[in-house]
Structure formats: C-alpha cells, structure tokens
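Architecture and fold: a report
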Amino acid sequence: MLTFASMFESLKLKKYPSDARFDTIYPKKYQEHSARHFTPVSIAVKAARLLADKPDDRILDIGSGVGKVCCIGASITDAHFYGVEKRKTLTNLSNKIKREYKLKNAHFINADFTTLDFSRFNGIYFFNSFHEHLDETCVLDETSRVSLSEYRNYHNSLKEKLNECIKGTRLVTYYTFKNKIPASFQFIDANETGLLKFYIKK
Ligand SMILES: C[S@@+](CC[C@H](N)C(=O)[O-])C[C@H]1O[C@@H](n2cnc3c(N)ncnc32)[C@H](O)[C@@H]1O
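In this section: the state of the cysteines. All told, the structure shown has zero disulfides when counted by the stated rule. Note on Cys 70: no disulfide assigned, nearest cysteine sulfur contributed by Cys 71 at a separation of 6.9 Å. Just so you know, Cys 165 is unpaired, no disulfide at all, and the nearest cysteine sulfur is the one on Cys 70, 15 Å from it. Under the relative-accessibility criterion, Cys 165 is labelled buried at 4%.

What follows is the structure, encoded as structure tokens:
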C-alpha cells in the first residue's frame, strides 16, 4: 500500500494512483465531492505538463478547491503553482497538505480571483469554477447559492482577467466551453474527447 509521502514520490516516477487512493489525503467530506468538483489525477498531470515548461513558470489555478491540481503540478514539475481559492477552509486545507508533503513550489492564496494581477502568471488552469452558481446539484456548501447573474458576472470577470495576461501565456481549461474564453487567446488543441482544451495568448 502506498503511504501518503510515497504517493507524491510515485507521481514523480510517472506511477499514478487512482483518484480514490489519492483523495485519501483529504477529509472524508471532500473525498465525496471529488468526482464532481476536483480534477482527476490523470487530467491534472496532463494539464501540468501542458502548462509548465521551466522552473520559473508561474501557473495559476483559478478556484483551486482542495489544491489537488497545484499539489500534483508542484510534485511532477519544478514550476511554481499558485491556487487562488475564495473558501478559507479549502485554502487552509491546501496549505496543510503543502506543508505536510513539503511541496515547496505549491502556493495558496485565500482571495477572490478577480483581485489578482493576471500578468504575473504565464500559465492558467480553469475547471469550470463558477458552475455551482448555475446548477443546484453542484453547490459545494451553504456559502454558495444558485444565481444566474452571479454566474454571468464571474464569467465576464474571467474574460477581463484573461485579457490582462501577457502574450504567450498558456491556458488549459477542463469542462469549459470555448465561448467562455476571450478572443485574445488562440485555441490550439483539445483532448480527452474535447474536455481538456489548450490555448495560447496572442
Ligand atoms: C470545480 S472546483 C475546482 C477545484 C480545482 N481547480 C480543481 O480542478 O481540482 C471550483 C473551486 O473554485 C472556487 N471558486 C469559485 N469562485 C471563485 C472565485 N470567484 N474566486 C476564487 N475561488 C473561487 C470554489 O470555491 C471551488 O473550490
């Protein structure tokens, strides 16, 4: 059986645990949400490899949840992964895991993504973070509510923030339609039957 430390070590060796196994690092209540709300290990690995190229790359996960993408990216590449998450309990949990597994290049910020300067990052990951405002079966906890106007406002802000990115910035989206991405990003490719999309800022 893999211990937690060796789970991150095994990722480096390209031996990928199942999501059920990986998610045992999170409290039970978040394990139950994982399939719906958090990126699967295999997708996080693909996204990290598309986004990170050099040790000084700075990758932002917009709405980082329990920090799964950042922790996986930080363990399989030398790039710096930043997760911005509006829920303090999830940011605290992500920081606890970062410390426990000594993931020095994973960083977590408790904030609304709209407050960040996107020109500081040269890679962006986005997994449909505002869907819980659209679909009541997707609401994560009582701090959120279904609201079409909130959903639309956040997507408008997402376009504005992505327009701040510098030329050459890479963007990977998961479960996100192309019409949510501004025209300043050129679509390059898609895989995982179209669910994972790759763009570059023009
Ligand atoms: C679908 S989960 C994705 C988690 C993570 N990116 C992943 O792929 O595993 C979306 C997360 O975005 C967060 N979120 C939603 N709106 C946000 C906002 N305006 N600013 C920061 N975080 C936000 C939610 O709290 C939730 O944890």
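Moving on, we come to helix 5 (residues 68–76). Of all nine residues that make up helix 5, nine are buried, and the element is covered over most of its length. Of all the positions in helix 5, only Lys 68, Val 69, Cys 70, Cys 71, Ile 72, Gly 73, Ala 74, Ser 75 and Ile 76 are classed as buried.

Taken together, 22 residues are adjacent to the ligand, and Thr 39, Asp 61, Gly 63, Glu 85 and Arg 87 come closest. In the environment of the ligand, an oxygen atom lies 2.6 Å from a nitrogen or oxygen atom belonging to the side chain of Glu 85. The contact in question runs from a nitrogen atom of the ligand to an N or O atom on the backbone of Lys 86, over 3.2 Å. Here the ligand is seated within the largest pocket.

The subject of this paragraph is the packing of aromatic side chains. Taken as a whole and assessed by the stated rule, the structure comprises 13 aromatic pairs. Note on Tyr 82 and Phe 121: the rings are 5.5 Å apart at their centroids and 70° apart in plane angle, and the pair reads as edge-to-face. One end of the pair, Tyr 82, is in strand 2 (residues 80–85); the other, Phe 121, is in the loop between strand 3 (106–110) and strand 4 (123–126), and 39 residues separate them in sequence. Assessed through its relative accessible area of 1%, Phe 121 is described here as buried. Ring geometry for Phe 130 versus Tyr 154: centroids 5.1 Å apart, planes at 20°, classification stacked. Separated by 24 residues along the polypeptide, Phe 130 in the loop between strand 4 and helix 7 (148–163) and Tyr 154 in helix 7 bring together distant segments of the chain. A relative accessible area of 16% means that Tyr 154 is categorised as buried. These aromatic residues form a ring-pair network of at least three members: Phe 113, Phe 118, Phe 126, Phe 130 and Tyr 154. Above the plane of the ring of Phe 187 lies Lys 178, whose end atom (NZ or CZ) is 3.9 Å from the centre.

Reported here for the largest pocket is a volume of approximately 840 Å³. Sorting the residues of the lining of the largest pocket by element identifies helix 3 (28–37), strand 1 (58–62), helix 5, strand 2 and helix 7 as the ones contributing at least two each. The dominant element in the lining of the largest pocket, judged by the number of residues it contributes, is helix 3, at four residues. Along the lines of polarity and charge, the residues of the lining of the largest pocket split into 21 nonpolar, 12 polar and 11 charged.

Our next topic: the pairing of strand 5 (residues 170–174). With respect to burial, strand 5 is a largely interior element, four of its five residues being buried. Bridging between strand 4 and strand 5 involves four bridges; their strand directions are parallel. For Phe 126, the partnering residue across the bridge sits in strand 5 and is Thr 173. In this region the chain leaves strand 4, passes through helix 7 and returns to the parallel neighbour strand 5; the handedness of that crossover is right-handed. Relative to strand 7 (residues 196–201), strand 5 is paired through five bridges, and the arrangement is antiparallel.

Cut-offs and rules
Residues numbered from 1 in each chain as written. Predicted model: local features only at pLDDT ≥ 70, side-chain atom pairs only at ≥ 80, totals over all residues. Heavy atoms only, no water. Disulfide = S-S within 2.5 Å. Buried < 20%, exposed > 50% of the residue type's maximum accessible area, 1.4 Å probe, protein only. Helix = DSSP H or I, 4+ residues; strand = E, 2+ residues; numbered from the N terminus. Near = heavy atom within 4 Å. Polar contact = N/O pair within 3.5 Å; in protein donor to acceptor, adjacent residues only side chain to side chain. 1 Å grid on protein atoms, 1.4 Å probe; cavity = no way out; pocket = protein on both sides within 12 Å on 5 of 7 lines; lining within 4 Å. Sits in = over half its atoms within 2 Å of the grid points. Phe/Tyr/Trp six-rings, centres within 6.5 Å; stacked < 30°, edge-to-face > 60°. Lys NZ or Arg CZ within 6 Å of the ring centre and 35° of its normal. Points joined across faces, edges and corners; volume = space filled by probe spheres on them. Nonpolar A, V, L, I, M, F, W, Y, C, P; charged D, E, K, R; others polar. Pairing = 2+ DSSP bridges. Right-handed = clockwise from strand over helix to strand, strands pointing away.

The analysis is restricted to geometry; functional conclusions fall outside its scope.
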